[in-house]
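# Structural features, examined
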Amino acid sequence: MNPLQPTSSDAAGADASPSFRPLYQQIKALITQSLQSGEWKPGELMPSEVELAARFKVSQGTVRKAIDELAAENLVVRRQGKGTFVATHAEERAHFRFLRLMPDEGVPHHPDNRFIAVLRIRATAEVARLLELKSGDAVVYIKRVQSFDGVPTILEELWLPGQLFKGLTAERLVEYKGPMYGLFESEFGTRMIRATEKIRAVAADAAASEHLKVPEGTPLLCADRVSFSYGDKPVELRRGIYSTARHHYQNELS
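Described in the following lines is the structure provided in the data block.

Attention shifts here to helix H7 (residues 180–188). Note on helix geometry: an α-helix contains 3.6 residues per turn, so any two residues three or four positions apart are oriented the same way. Counted residue by residue, H7 has seven buried out of nine residues, so it is predominantly covered. Burial in H7 covers these residues: Met180, Tyr181, Gly182, Leu183, Phe184, Glu185 and Phe188. Gly189 lies just past H7 and shows a positive phi near 60°.

Shown next, in the form of structure tokens:
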């Protein structure tokens, strides 16, 4: 018997059982486990739907439905005539997925980075709670200013689990020319899958005034983000202070 396939009695009670998951979602979970374990690396070609159907002993249609959901969640990418690939932050199309600040005019482009601090510190109680660490555990703290066309626009602070990001230094961040998430993926094996954000309006304090070159009290946007890897594991806490004089925060709702 296929352990994934519900029995007739299971199927009869499926609607009533809160633990029941359609077969394609069970296949999706198994594929996600393989992604999480690193069986298929970012950018790699995955087995075909036929091969996966044989592996999991289900129909090709069930596998296709699972892949459809994974593609919708940006975990995999379908390429016409080539197959399905593990999504990677190195792709151009992925660069703006987590950078939500868009110019009021012109084409979106990558900001220039100036790193103010890259330190290994102990997690405060709040940082530890959000990253599911113990208070006092080591975290990598990064503070940077991002500028568009020479205009400082984003002041960011990041906290990363120290165990996951051993060896992350200011020198490595400066010399890496791609998006930061690409570095996290390629050198530290940590891929950001999704994020939750809380956004509120704030007034520029002395630090924001200094780094963003705006008067104290200037209205700014503050976004607190927790990013998650496979298995809903929190792997980054980020606070961004945005100047919206020439930019706006853009999100797509679906």
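Let us now look at unusual backbone geometry. The phi angle of most residues is negative, glycine excepted, and most peptide bonds adopt the trans form. In this model, Lys57 sits at a positive phi of 60°, which is unusual for a non-glycine residue. Along the chain, the position of Lys57 falls in the loop between helix H3 (49–56) and helix H4 (60–72). Taking relative accessible area as the criterion, Lys57 reaches 63% and is therefore assigned exposed. Here Asp149, not a glycine, exhibits a phi torsion of approximately 55°, which is positive.

All told, the structure shown has 16 salt bridges when counted by the stated rule. For Asp68, the salt bridge identified is with Arg78, shortest N-O distance 2.6 Å. With Asp68 in helix H4 and Arg78 in strand S1 (residues 76–79), the pair connects residues that are 10 residues apart, well separated along the chain. Residue Asp68 is classed as partly exposed on the basis of its relative accessible area, which comes to 38%. Judged by relative accessible area, Arg78 falls into the partly exposed class, the value being 36%. With its nearest N and O atoms 2.6 Å apart, the salt bridge here joins Arg238 to Glu236. Neither Arg238 nor Glu236 differs from the other in exposure class; each is buried. Overlapping salt bridges, with partners in common, bring together Glu49, Arg64, Asp68 and Arg78 in one network.

Looking at the element boundaries, Thr84 is found in strand S2 (residues 83–86). Separated by 38 residues in the primary sequence, Thr84 and Met46 place their C-alpha atoms 5.7 Å from one another. Once you skip the residues sitting within four places of it in the chain, Thr84 turns out to touch Glu44, Leu45, Met46, Ile67, Val76, Val77 and Arg78.

Alignment of S1 against S2, held across four bridges, turns out to be antiparallel. Its bridge partner being in S2, Arg79 is matched across the sheet by Gly83. Hairpin connection from S1 to S2: three residues lie between these consecutive antiparallel strands, with Gly81 at a positive phi of about 80°.

It is worth spelling out the sheet that holds strand S7 (residues 194–203) at this point. Strand pairing in a sheet is mediated by backbone hydrogen bonds. Such pairs are either parallel or antiparallel. Strand order across the open sheet formed by six strands is S4-S5-S6-S9-S8-S7, with antiparallel pairing between neighbours. Edge positions in the sheet fall to strand S4 (112–122) and S7, since each has one partner strand and no second. Adjacent strand axes in the sheet meet at a mean angle of 15° when their direction is disregarded. Here strand S8 (residues 219–229) pairs with strand S9 (residues 233–242) via nine bridges, running antiparallel. When the sheet's bridge partners are listed, Asp224 is paired in S9 with Arg239. Along the sheet, H7 makes contact with S4, strand S5 (138–148), strand S6 (151–161), S8 and S9, crossing S9 at roughly 160°.

Quick look at the environment of Lys198 now. Along the chain, Lys198 turns up in strand S7. When sequence neighbours within four positions are dropped, the list of residues in contact with Lys198 reads Cys222, Ala223 and Asp224.

On the secondary structure map, Asp224 appears in strand S8. Those residues in contact with Asp224 that lie beyond four places of it in its chain are Thr196, Glu197, Lys198, Arg200, Arg238 and Arg239.

Definitions and cut-offs
- Residues numbered from 1 in each chain as written.
- Predicted model: local features only at pLDDT ≥ 70, side-chain atom pairs only at ≥ 80, totals over all residues.
- Heavy atoms only, no water.
- Buried < 20%, exposed > 50% of the residue type's maximum accessible area, 1.4 Å probe, protein only.
- Helix = DSSP H or I, 4+ residues; strand = E, 2+ residues; numbered from the N terminus.
- Salt bridge = Lys/Arg side-chain N within 4 Å of Asp/Glu carboxyl O.
- Contact = heavy atoms within 4.5 Å.
- Pairing = 2+ DSSP bridges.
- Axes fitted to C-alpha atoms, helices over the stretch in contact; angles between N-to-C directions.

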